Amino acid sequence: KQVLKLQVQAKTGDDQYDMEADILCRELDGRQITCVEISGAKFFYTDGILYLENGNAYQASEVSADYGSMLEQVAALYQVLDIEAVKEENSKLYKITVQEENAQEILAYLLPNVAADALEMQTLEAELLSEEDALKAITFTSKGKLQNAEKTKYDITAMLTVAKEDDGVIEIPEPVKNAMES
């Protein structure tokens, strides 16, 4: 499997939001588990449940969405939307424009501090870069307004990159293992 790195830069009005996360997805004991590390804190997702390192469990939501499933959602969009492809030697760039509900779902991952339905979106652009038929990066950009009285402008740029190949296992803390088993 691969370790993914997500970098998000967003601005809503005067507020700046920057986030970096390392994402590792693995199958363990028949379960798909995603480990997300943000600012040194680790979060574990499986079966729609978010587990904190201390074993506390919560229903995953838009504010705590499983980043491991974001890649699957984006891949599905590339199967149904019109793709603009650009080929250069060993690399290929695939561009799509995502509209409405699909764009809101992806923006919920990229801008979790603002509910996706609070965005009066223009569009979401996604550019997938592959080299030698392997995913290297997906870049997302979106601009629009919030659905507030001031119609605050927002601007998001995010990049999901393949950081490295990884043959290791997810180190799951004992409290999280116990919570997953119960």
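On a predicted model such as this, the values are computed, not experimentally measured, just so you know. (Residues numbered from 1 in each chain as written. Predicted model: local features only at pLDDT ≥ 70, side-chain atom pairs only at ≥ 80, totals over all residues. Heavy atoms only, no water.)

**Remarks on the environment of Met70**
Tracing the backbone through its elements, the reader meets Met70 in helix α1 (residues 67-80). Sequence separation of Met70 and Leu52 is 18 residues, and the distance between their C-alpha atoms is 20 Å. Beyond its immediate chain neighbours, meaning those up to four positions away, Met70 contacts Leu6, Tyr109, Leu110, Phe140 and Leu160. (Helix = DSSP H or I, 4+ residues; strand = E, 2+ residues; numbered from the N terminus. Contact = heavy atoms within 4.5 Å.)

**So, the pairing of strand β4 (residues 41-46)**
Pairing of strand β3 (residues 31-38) with β4 involves five bridges; the strand directions are antiparallel. Along β4, the bridge assignment pairs Ile38 with Ala41. Linkage of β3 to β4, two consecutive antiparallel strands, is achieved through a turn of two residues, within which Ser39 is found at a positive phi near 50°. Connecting β4 to the next strand, strand β5 (residues 49-52), in antiparallel fashion are two residues, including Asp47 with a positive phi near 50°. (Pairing = 2+ DSSP bridges.)

**Some points on the nonpolar core**
Leu6, Val8, Ile23, Met70, Leu110, Phe140 and Ile156 are the most contacted members of the largest nonpolar core, which has 38 residues in total. Every element with two or more residues in this core is listed here: β1 (2-12), β2 (15-28), α1, β8 (91-98), α2 (100-110), β9 (119-131), β10 (134-146) and β11 (153-165). In this structure, Ile33, Tyr51, Ile170 and Val176 belong to the second largest nonpolar core, which totals 11 residues. (Core = buried A, V, L, I, M, F, W, Y, C linked by side-chain atoms within 4.5 Å. Buried < 20%, exposed > 50% of the residue type's maximum accessible area, 1.4 Å probe, protein only.)

**Things to note about the pairing of β5**
Pairing of β4 with β5 involves four bridges; the strand directions are antiparallel. In the sheet register, Phe44 faces β5, and the bridge partner there is Tyr51. Judged from the three bridges that link them, β5 and strand β6 (residues 57-59) form a sheet pairing that is antiparallel. Following the sheet pairing, Ile49 is matched in β6 by Gln59. A loop of four residues connects β5 with β6, the two strands running antiparallel in sequence, and Gly55 in this loop sits at a positive phi of about 95°.

**Focus: unusual backbone geometry**
Trans peptide bonds make up most of the peptide bonds, and negative phi angles are found at most residues other than glycine. Positive phi outside glycine occurs at Glu132, with the angle close to 50°. Mapping Glu132 onto the fold places it in the loop between β9 and β10. One non-glycine residue, Lys151, adopts positive backbone phi at about 50°. Residue placement: Lys151 occurs in the loop between β10 and β11.

These values are about where atoms sit, not about what they do.
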